[in-house]
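For reference, the chains in residue letters:
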Amino acid sequence: MILQSASDMPKKKAKFEEEKRIFLEHIQKSGLRKTGQRDLILEVFLRTEEHLSIEDLYWLVQKEDETVGQTTVYRTLKLLTEAGLAREVRLGDGRTYYEHHHDHEHHDHMICTECGKVIEFFSPELEAMQDAMAEKYNFKPTHHSLRILGLCQECQQKETNSLSSGAQPRVRVVAGVSKR
Ligand SMILES: [Zn+2]
Ligand SMILES: [Zn+2]
Ligand SMILES: [Zn+2]
């Protein structure tokens, strides 16, 4: 798993604070207590600009506090999702991943079924066409997630070089959202 360190720090700092506030409000609304473990999980999640499975997040949190259980990580991710800070993404390998949601621009995913590479993309044209389709069918969209499965450039090259493959898909983000 490749971890990207967060860039443009100062802007992020203010956003972190806002996200922490949103999380705290949500916890209180749910009648829960603010705990050190929940705070740690939130911190680790916000720091990591990536598509994380529950196991990935658990592993990252474990590196900082071994006493945090997987159930706590799972429940906290659910809370983050309810609070609108995380969103579930399915990348096609049967697992559920989570990514930042709050204040993040919408994007869709291309997923390499060979190595698990994820490319995030955004196309205003595609978005507009999806809206037009929904309108045509009198459908009121609340959200969507467009997934294109296939082979990344590297894996296409590997495939032409040798036809043997047995690698398990691993998922990592390599690209930020490119505008077109
Ligand atoms: Zn989209
Ligand atoms: Zn690939
Ligand atoms: Zn994404």
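Above this text sits the structure in question.
Residues numbered from 1 in each chain as written. Chains lettered and ligands numbered in written order. Predicted model: local features only at pLDDT ≥ 70, side-chain atom pairs only at ≥ 80, totals over all residues.

(A) View of the overall build of the protein chain. A count of helices and strands for the protein chain gives 6 helices and 7 strands. When the helices and strands of the protein chain are placed in sequence order, the string is α-α-β-α-α-β-β-β-β-α-β-α-β. With 180 residues in all, the protein chain has 21% of them scored as buried. Considering only residue pairs separated by 6 or more positions, the protein chain has 62% of its internal contacts joining residues 24 or more positions apart. (Helix = DSSP H or I, 4+ residues; strand = E, 2+ residues; numbered from the N terminus. Buried ≥ 20, exposed ≤ 12 C-beta atoms within 10 Å, placed from the backbone. Contact = placed C-beta atoms within 7 Å.)

(B) Looking closely at helix H2 (residues 36–47). Between its terminal C-alpha atoms H2 stretches 16 Å, which fits the 16 Å expected from 12 residues at 1.5 Å a residue. If you check which residues of H2 are buried, you get Arg38, Ile41, Leu42, Val44, Phe45 and Leu46. (Expected span 1.5 Å × (residues − 1).)

(C) Region of interest: helix H4 (residues 70–82). In this model H4 runs 18 Å from its N-terminal to its C-terminal C-alpha over 13 residues, within 8% of the 18 Å that 1.5 Å per residue would give. The complete set of buried residues in H4 reads Val73, Thr76, Leu77 and Leu80. Projected down its long axis, H4 shows its buried positions confined to an angular sector of 105 degrees, all on one face. When the buried face of H4 is taken as reference, the exposed residues oriented beyond 90 degrees from it are Thr71 and Glu82. Remark: Gly84 follows H4 within two positions and exhibits a positive phi of approximately 85 degrees. (Arc of directions from axis to C-beta.)

(D) Representation of the pairing of strand S5 (residues 117–121) within the structure. Judged from the 4 bridges that link them, strand S4 (residues 108–112) and S5 form a sheet pairing that is antiparallel. Bridge pairing in S5 places Asp108 opposite Phe121. (Pairing = 2+ DSSP bridges.)

(E) Structural view of the packing of H2 against helix H3 (residues 54–62). One way to put it is that H2 packs onto H3 with a least axis distance of 10 Å and a crossing angle of 110 degrees. Comparing their axes, H3 and H2 come out roughly perpendicular. Here H2 and H3 pass one another in a crossing that is right-handed. Side by side, H2 and H3 meet where Leu40, Ile41, Val44 and Phe45 of the first sit next to Leu57, Leu60 and Val61 of the second. Residue composition of the contact of H2 with H3, grouped by class: 7 nonpolar, no polar and no charged. (Axes fitted to C-alpha atoms, helices over the stretch in contact; angles between N-to-C directions. Parallel < 35°, antiparallel > 145°, perpendicular 65-115°, else oblique. Left-handed = near helix turned anticlockwise from the far one by under 90°. Nonpolar A, V, L, I, M, F, W, Y, C, P; charged D, E, K, R; others polar.)

(F) Highlighting the pairing of strand S3 (residues 96–100). Alignment of strand S1 (residues 52–53) against S3, held across 2 bridges, turns out to be antiparallel. Considered in S3, the bridge of Leu52 is made with Tyr98. The pairing of strand S2 (residues 86–90) with S3 spans 5 bridges and is antiparallel. Within the sheet, the bridge partner assigned to Glu88 lies in S3 and is Tyr98. Counted along the chain from S2 to the antiparallel partner S3, the turn is 5 residues long, and its residue Gly92 has a positive phi close to 100 degrees.

(G) Here's a closer look at the environment of Lys12. Relative to the elements of secondary structure, Lys12 occurs in helix H1 (residues 9–29). The partly exposed category is assigned to Lys12, around which 15 C-beta atoms lie within 10 Å. For the pair Lys12 and Leu46, spaced 34 residues apart in sequence, the C-alpha to C-alpha distance is 9.5 Å.

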